[in-house]
Amino acid sequence: MSFDRVWTDAHVATMVARDGDPLGIIEDGAIAAKDGRIAWVGRRRDLPDGAAITTRCDGAWILPGLIDCHTHLVFAGDRAREFELRLEGASYEAIAKAGGGILSTVRATRAATEEELVASALPRLDELLAQGVTTVEIKSGYGLDLGTEAQMLRAARRMAAQRPVSVLTSLLAAHAVPPEYPGRRADFARHVAKDILPAIAAEGLADAVDAFTDSVIGFDAEETSWVFDAAKAAGLPVKLHADQLRDDGGAALSARYGALSADHIEYANAEGIAAMAKAGTVGVLLPGAYYFIRETHPPDIAAMRAAGLRMALATDCNPGSCPSPNLLLMLNLGCTLFRLTVAEALAGVTTHAAAALGLSDRGALAPGLRCDLALFAISRPAELCYWLGRNPCIGRVVVGQ
């Protein structure tokens, strides 16, 4: 056989379950790549000849390249003052109603140039890459007008051109009601559906469409459906910020539209969770936001397990409710706060994260898939969920390079 590159002297967590092992571990394994794809994976002693370049990993662990499937990396400014206000007793909702929250970031982002947005977001992206992330989703949503939403998505695309990483973009224009539409939430939802979304789709700037369904500070189910209908008409898949602060039926709504994912879902009820599982919608858990805004209602993990729902984990990196570009930290928070198992958490940043983005070519280590790898100096995979704030990543491979 002919290979471009081979990695040997490694332990491999393929994330392909076998013989009762959900991590698909291969001790003393090897991986071979050809033309950017995995050509062979197995025990080192069974490795066929034919490698042009061989890398010895000195006993490191190899996992699929990690995937952060929910981020807001592109924004301007910060909301440290709001953090102080919450410490003094103000709620997330109260701050938002007073003109803070998302709208404060909107003001800063509208004032920034595209170059400034790229420059401020790249360090956040670099932190993720240093942890073994090879694919990241980036949302808009801090423009709330066509020009700024497009600028945010262009900035995200430019970041992918400047770093060895795969970036997928989501249009989140239905994130909040902008100041130009005071008391006219429905009118803005129609504007997103009829004007902003088609224009973004025509430019090819978005890979998916997202919305924030919340009856108090977001959009209700009917208004969200207008946006989702427009997305379907444009041939774009949908995602949903759902049931984060209350049960607004977001989980069930996401299932009705066959959404790629419903994210947050702390308050999703068992019926909505079961509908998501049946529809193939992934549940994206965001423990960093849960922790940072001091939420007290955890997602119903037991109902998710009972329904067979695929659960992903992501940073939700954003300036208001989770200012953390640390996916490894989310592994620990997912386990400690939500009681995920190690296998569930690791699937949440690999196989299930890929599914949350509609990607079938990555997230596991198997022949034919993209050769995206993350190498870690650890003694066992559980260490990735165990350590708080430690980064044992010693290398990344993106498309075999």
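Residues numbered from 1 in each chain as written. Predicted model: local features only at pLDDT ≥ 70, side-chain atom pairs only at ≥ 80, totals over all residues. Heavy atoms only, no water.

A few words now on the overall build of the protein chain. Within the protein chain one finds 15 helices and 15 strands. Its C-alpha atoms give the protein chain a radius of gyration of 21 Å, within 12% of the compact-globule value 21 Å for 401 residues. Taking the principal axes of the C-alpha coordinates as reference, the protein chain spans close to 70 × 45 × 40 Å. Taken across its 401 residues, the protein chain has 58% of its residues classed as buried. A total of about 14800 Å² of accessible surface is found on the protein chain, and carbon and sulfur atoms cover 52% of it. When the 38 basic and 48 acidic side-chain charges of the protein chain are each reduced to a single mean position, those positions are 2 Å apart. (Helix = DSSP H or I, 4+ residues; strand = E, 2+ residues; numbered from the N terminus. Rg over C-alpha atoms; globule rule 2.2 N^0.38 Å. Buried < 20%, exposed > 50% of the residue type's maximum accessible area, 1.4 Å probe, protein only. Areas by Shrake-Rupley, 256 points an atom, 1.4 Å probe, with all protein chains shown as cover. Lys, Arg positive; Asp, Glu negative; His and termini not counted. Charge placed at Lys NZ, Arg CZ, Asp CG, Glu CD.)

On to unusual backbone geometry, then. Even without glycine at this site, methionine 15 takes up a positive phi of about 65°. As for its placement among the helices and strands, methionine 15 is situated in the loop between β1 (3–13) and β2 (25–34). Taking the relative accessible area as the measure of exposure, methionine 15 reaches 8% and is therefore buried.

Time to look at the sheet that holds strand β11 (residues 261–264). A sheet is described by the order of its strands in space; here four strands give the open sequence β10-β11-β12-β13, paired in parallel fashion. The two strands at the open ends of the sheet, each matched to only one other strand, are β10 (239–242) and β13 (311–313). Adjacent strand axes in the sheet meet at a mean angle of 30°, parallel and antiparallel pairs treated alike. Relative to β11, β10 runs parallel, the two being bridged by four bridges. Considered in β11, the bridge of lysine 239 is made with serine 261. (Pairing = 2+ DSSP bridges. Axes fitted to C-alpha atoms, helices over the stretch in contact; angles between N-to-C directions.)

Under the UniProt annotation, "binding site: N-formimidoyl-L-glutamate" (unreviewed entry) lies at Tyr142, Asn318 and Gly320. Annotated residues spanning 179 residues; largest pairwise C-alpha distance 11.4 Å, indicating a single compact cluster. Locating tyrosine 142 in the fold gives a position in the loop between β7 (133–139) and α5 (146–162). Of the residues examined, tyrosine 142 reaches a relative accessible area of 2% and is grouped as buried. Here glycine 320 lies in the loop between β13 and α12 (327–338). Looking at glycine 320, the relative accessible area reads 3%, which means it is buried. In this structure, glycine 320 is in contact with Arg79, Arg86 and Phe292, ignoring residues within four places of it in sequence. (UniProt positions renumbered as here; feature names shortened; annotations may be inferred. Contact = heavy atoms within 4.5 Å.)

Aromatic ring pairs are described here by two measures, namely the spacing of the ring centres and the angle between the planes. Scanning all chains against the criterion turns up seven aromatic pairs. Measuring from ring centre to ring centre gives 6.4 Å for phenylalanine 75 and tyrosine 142, while their planes differ by 80°; the resulting arrangement is edge-to-face. Taken together, the residues phenylalanine 75 in the loop between β6 (66–68) and α1 (80–87) and tyrosine 142 in the loop between β7 and α5 connect sequence positions 67 residues apart. Each member of the pair, phenylalanine 75 as well as tyrosine 142, is classed as buried. Taking 5.1 Å as the distance between ring centres and 75° as the angle between the ring planes, the aromatic pair formed by tyrosine 290 and phenylalanine 338 counts as edge-to-face. (Phe/Tyr/Trp six-rings, centres within 6.5 Å; stacked < 30°, edge-to-face > 60°.)

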